[in-house]
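Okay, here's what each chain looks like letter by letter:
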Amino acid sequence: PGICRISMLNREDVENYIRYRLDVAGGRNGSVHFTSDSFDEIFHYSGGIPRLINVLCDRVLLIGYVGNTRVIDGRVVREGIRDLESPGTVPGKRRVARPHQ
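As a starting point, this report considers the structure included with it. Owing to the predicted nature of the structure, the values given are computational and were not obtained by experimental measurement.

### Re the layout of surface pockets
Line of reasoning, step 1. A volume near 160 Å³ is recorded for the largest pocket.
Line of reasoning, step 2. What lines the largest pocket is Tyr17, Ile18, Arg21, Leu22, Ala25, Phe34, Ile53, Asn54, Cys57, Asp58 and Leu61.
Line of reasoning, step 3. For the lining of the largest pocket, the secondary-structure elements that each account for two or more residues are helix H1 (11-25) and helix H3 (50-66).
Line of reasoning, step 4. Residues belonging to the lining of the largest pocket are distributed by class as follows: 8 nonpolar, 1 polar and 2 charged.

### Overview of the side chain of Ser38
Line of reasoning, step 1. Tracing the backbone through its elements, the reader meets Ser38 in helix H2 (residues 36-46).
Line of reasoning, step 2. In terms of polar contacts, Ser38 uses its side chain to reach the backbone carbonyl oxygen of Thr35, at 2.5 Å.

### Considering the packing of H1 against H3
Line of reasoning, step 1. Where H1 contacts H3, the axes come no closer than 11 Å and their chain directions differ by 55 degrees. Relative to H3, H1 is oriented oblique. Our pair here, H1 against H3, has a crossing hand that is right-handed. Facing Val14, Tyr17, Ile18 and Arg21 of H1, the residues of H3 in contact are Pro50, Ile53, Asn54 and Cys57.
Line of reasoning, step 2. Counted by class, the contact of H1 with H3 contains 6 nonpolar, 1 polar and 1 charged residues.

### A look at the packing of H2 against H3
Line of reasoning, step 1. With their axes 9 Å apart at the nearest point, H2 and H3 run at an angle of 130 degrees to one another. By the angle class used here, H2 and H3 are oblique. Like other packed secondary-structure pairs, H2 and H3 cross with a definite hand, here right-handed. Of H3, the residues touching H2 (which contributes Ile42, Tyr45 and Ser46) are Leu52, Ile53, Leu56 and Cys57.
Line of reasoning, step 2. For the contact of H2 with H3, the class distribution of residues is 6 nonpolar, 1 polar and no charged.

### Looking at the environment of Ser7
Line of reasoning, step 1. Here Ser7 lies in the segment before H1.
Line of reasoning, step 2. Exposure remark for Ser7: the relative accessible area of 55% places this residue in the exposed category.
Line of reasoning, step 3. Setting aside chain neighbours within four positions, we find Ser7 in contact with Gly48 and Pro50.

Calculation notes
Residues numbered from 1 in each chain as written. Predicted model: local features only at pLDDT ≥ 70, side-chain atom pairs only at ≥ 80, totals over all residues. Heavy atoms only, no water. 1 Å grid on protein atoms, 1.4 Å probe; cavity = no way out; pocket = protein on both sides within 12 Å on 5 of 7 lines; lining within 4 Å. Points joined across faces, edges and corners; volume = space filled by probe spheres on them. Helix = DSSP H or I, 4+ residues; strand = E, 2+ residues; numbered from the N terminus. Nonpolar A, V, L, I, M, F, W, Y, C, P; charged D, E, K, R; others polar. Polar contact = N/O pair within 3.5 Å; in protein donor to acceptor, adjacent residues only side chain to side chain. Axes fitted to C-alpha atoms, helices over the stretch in contact; angles between N-to-C directions. Parallel < 35°, antiparallel > 145°, perpendicular 65-115°, else oblique. Left-handed = near helix turned anticlockwise from the far one by under 90°. Contact = heavy atoms within 4.5 Å. Buried < 20%, exposed > 50% of the residue type's maximum accessible area, 1.4 Å probe, protein only.

Okay, here's the thing in structure tokens:
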């Protein structure tokens, strides 16, 4: 059995990949809109690796849902990145430091 590897995507491929996945999921019928700067942020964070694109998009879509917004812009993507890099956080919620007991 061989291993199937998907090569890294360039910026344009990332946008096309996300648009395709939204189409398949039925999300491009006006219910969700990714802005150009959101694609830039996703590409920068993921390095074009599809698995990371998927994980980040799942997170930002959840943040958009929790925040009741249909526009996924660079700010929402950066929030998603912070969430992914901060284990134990609830999607879309800022981490609050708790005093030691």
